[in-house]
Amino acid sequence: MARSRAPAPALAAAGEASLSMLSGIGPAVATKLEARGLSSLQDLWLHLPLRYEDRTRLTTIARLQPGVAAQVEGRVSAVERGFRGRPVLKVALEDDSYGTLVLRFFHFRAQQVSQFAVGTRIRCYGTAKPGHLGLEIVHPSYRVMGSNDDDELGDSLDPVYPAIEGVGPATLRRFIGLALDRLPEESTLELLPPDWLSGLGLPSLRSALLTVHRPPPDADLGALAAGRHPAQRRLAIEELLAHHLSLRRQRMALQAHHAPSLRGQGALVRQLRDSLPFQLTGAQQRVFEQIRKDLGKAHPMLRLVQGDVGSGKTVVAALAAMLAVERGKQVALAAPTELLAEQHLNNLRAWLEPLGVRTAWLAGKVTGKARSKVLAEVASGEAQVVVGTHALMQDSVVFKDLALAIVDEQHRFGVHQRLALRDKGADGRSVPHQLVMTATPIPRTLAMSEYADLDVSAIDELPPGRTPVQTVALNNDRRPELIQRIALACREGQQVYWVCTLIEESEELDATPAQATFESLQALLPGVRVGLVHGRLKASEKLATMVAFKAGQIDLLVATTVIEVGVDVPNASLMIIENAERLGLAQLHQLRGRVGRGSAVSRCVLLYQAPLSAMARERLETMRQTNDGFLIAEKDLELRGPGELLGTRQTGLAGFRMADLARDADLLPGVHDLAERLLAEAPDVADKIVRRWIGTAVRYASA
Ligand code: ADP
Ligand code: MG
């Protein structure tokens, strides 16, 4: 057969061909596949396995280990059908190892029940866990072994694909197999420069796809399971490249818009700076100068300011706002909770009103006449700096001339919310500048990849006079000693936070654990003024308690993690975090940032419930060792992976088919260089790579 060397057209013919050409895919199935973004052969090639199941071996029941997936075979020794609030089917299996394994089903059909006659041979695959009667597997995949069935084991790993609603796993596997049979030749499929790839010692795309979908019997199974097989790295590289290119393109699209240039004399900036009771840190000055430069341009700024808790982001935002106000424009500042937004409002009022700048407040609880009044002031331009919560993003809020949209703790907002705010200043000709702030330090590698469409500034220095928080981990059985310590601290005029950790997020609304702690501490600490804040209180109640705490009228504040963001009480110098072993590093660090804001030595006690898992131990140890948010973030990335770090759903970080930013971080610098090179030398190739991996759907329009 003659080798086809025709590049693009052949690819279009092969990869972009519709799925209806595959046997078994009629219009109904095609619609289901399409709903999950699978419409071409190429989409099926890139529907990559989530993981693998190892059916190449049988494990005896006696040697099954909880938590480890395995394949076993046994004969049915008993069947029980019951009802415990819902129907349950339990099937006991035995093998020659004298072990018993229970298979438990919650969803089953009558026909399934009749399959499990006593004595029937069953081969099943799943992860066993301890149950009432020994090990059990819930909903295993299984096969009834007839007498003529061959007993042969699989000779390679079985890929498990992301499920598609309405298309069974076996059918999906068959479709993918058919699509793979039509993989074109290497030269047609490969888009990356060959010299670049060979330099890395990685396989071609064609060979990589075949390996991950149909691992050969001699493949390195360990590497495949860990996602570090060269074939997987080859795919990860191209995927990372596609995402990077896509973000870069969105950034370029944004740059094509106009924005109001906010260059001016800077008189208001000077006045604000002179009126502050402190000197800006070097980092604050540097970041503000970066922002000032951006705002002076006639193109929209999109800058992320990351600064550890307490690094002083708010004042930088206020200075930026002054540049807009001086040009007669409006500024919006949105924060994710009322507590935080109101704290911003108080700060900004104190700083700006003496300069004659008018602020306005808009939150969900501002209703009726008060709301109409604020809306009118915003619409007329009378309100120059508008502070609020999500309420700012509602349709009824119309600005006269919004030039700068500031979003604090941006990871708590969805991208669409940020865009909704921005669009309030877009008038077809011009788009406002955007400043987003986060206290979650982002490891450099992540910032480079996930925020390729943003400029990133770091306030990497704390204001002077802060002493690092001393952190200890304490077993819960030493609680009585701790209570004595608290009594002493309060007598000395120190203020204390006691943070109750909720087991599940849904408990945010359940006040009982915090309420109970509050009551017990009150009883144990006579003479100490104890306060309580939790998620179920009204914002006004929360605020009143926080204000009383700030004013020194409360000594010990029992709180759920609602105090996590932004709250500032410099006199608080002791924090107890209960059940600290349940929290992730980022959250622990955020919480701890509430103390150590004054000049007194601050302490943080991580109260844990033994026994600790290895991971929890490592987290607590990290917290004991360092106060550096960037180090903690790196560690967090290492321990948890990036999805959780950034709030997967909100940032669009989700949706990698192969790449994993933590695991594949070493690939990123190369991906960067390659992106530069492609954009400069072969923009059409860049387009194809983005189309191949991301499709035409815009992941999130930063433009
Ligand atoms: P964050 O970056 O966590 O949002 P804030 O903006 O709330 O930090 O600032 C924390 C505290 O530090 C505030 O009380 C603020 O007034 C104060 N602050 C900010 N910058 C400085 C500085 N350069 N010197 C001293 N205190 C500062
Ligand atoms: Mg803040």
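Remember, predicted model here, so these are calculated numbers, not experimental data.

Turning our attention to the pattern of salt bridges. Enumeration over the complete set of coordinates arrives at 31 salt bridges. Between R104 and E136 there is a salt bridge, with its nearest N and O atoms 2.8 Å apart. One end of the pair, R104, is in strand β4 (residues 100-105); the other, E136, is in strand β7 (residues 134-138), with 32 residues separating them in the sequence. Since its relative accessible area comes to 7%, E136 is described here as buried. Across the pair R478 and E481 runs a salt bridge, and its minimum N-O distance is 3.3 Å. With a relative accessible area of 45%, E481 lands in the partly exposed category.

Okay, the side chain of E136 next. In terms of polar contacts, E136 uses its side chain to reach the side chain of R104, at 2.8 Å. The residues touching E136, leaving out its near neighbours within four places in the chain, are L101, V102, R104, T127, A128, K129 and G131.

Let's shift gears to the side chain of T517. Tracing the backbone through its elements, the reader meets T517 in helix α19 (residues 512-524). Leaving out residues up to four positions away in the same chain, T517 has contacts with R479, W498, C500, V558 and E578.

This part covers the site of ligand 1. Ligand 1 sits among 16 residues. The nearest are Q279, G310, K313, T314 and D568. The contact in question runs from a nitrogen atom of ligand 1 to an N or O atom on the backbone of Q279, over 2.8 Å. Within the side chain of T314, an N or O atom sits 2.6 Å from an oxygen atom of ligand 1. Protein chains shield 84% of the accessible area of ligand 1, which is 560 Å² for the free molecule.

Now for the packing of helix α13 (residues 313-326) against helix α14 (residues 338-352). Relative to each other, α13 and α14 sit at 55°, their axes nearing to 11 Å. Of the possible angle classes, the one that applies to α13 and α14 is oblique. You can see that α13 and α14 cross each other, and the crossing is right-handed. Across the interface between the two elements, T314, V315, A318 and M322 from α13 touch H344, N347, L348, W351 and L352 from α14. For the contact of α13 with α14, the class distribution of residues is six nonpolar, three polar and no charged.

Take the packing of helix α11 (residues 267-275) against α13 next. In the contact formed by α11 and α13, the axes pass within 8 Å of each other and the chain directions differ by 145°. Handedness of the α11/α13 crossing: right-handed. On the side of α11, the interface is formed by A267, L268, V269, L272 and R273, while α13 contributes A318, L319, M322, L323, V325 and E326. Looking at side-chain class alone, the contact of α11 with α13 contains nine nonpolar, no polar and two charged residues.

What follows is about unusual backbone geometry. Here the amide bond leading from A610 into P611 is cis, since omega sits at -5°, within 30 degrees of zero. Counting through the fold element by element, P611 comes out in the loop between β22 (603-608) and α22 (614-625). The phi dihedral of H139 falls on the positive side, at around 45°, and the residue is not glycine. Take H139: it is sitting in the loop between β7 and β8 (141-145). Despite not being glycine, N579 has its phi angle at roughly 50°, a positive value. Relative to the elements of secondary structure, N579 occurs in the loop between β21 (572-578) and α21 (585-592).

Right, let's get into the sheet that holds strand β3 (residues 87-94). Here seven strands make up an open sheet; going across it, the order is β6-β7-β4-β3-β2-β5-β8 and the pairing mixed. Only two strands of the sheet have a single neighbouring strand rather than two, namely β6 (129-131) and β8. Within this sheet the neighbouring strands show an average axis-to-axis angle of 45°, counted without direction. In terms of strand pairing, β3 meets β4 through six bridges, oriented antiparallel. Paired with L89 across the bridge in β4 is F105.

Basis of the calculations
Residues numbered from 1 in each chain as written. Chains lettered and ligands numbered in written order. Predicted model: local features only at pLDDT ≥ 70, side-chain atom pairs only at ≥ 80, totals over all residues. Heavy atoms only, no water. Salt bridge = Lys/Arg side-chain N within 4 Å of Asp/Glu carboxyl O. Helix = DSSP H or I, 4+ residues; strand = E, 2+ residues; numbered from the N terminus. Buried < 20%, exposed > 50% of the residue type's maximum accessible area, 1.4 Å probe, protein only. Polar contact = N/O pair within 3.5 Å; in protein donor to acceptor, adjacent residues only side chain to side chain. Contact = heavy atoms within 4.5 Å. Near = heavy atom within 4 Å. Areas by Shrake-Rupley, 256 points an atom, 1.4 Å probe, with all protein chains shown as cover. Axes fitted to C-alpha atoms, helices over the stretch in contact; angles between N-to-C directions. Parallel < 35°, antiparallel > 145°, perpendicular 65-115°, else oblique. Left-handed = near helix turned anticlockwise from the far one by under 90°. Nonpolar A, V, L, I, M, F, W, Y, C, P; charged D, E, K, R; others polar. Pairing = 2+ DSSP bridges.

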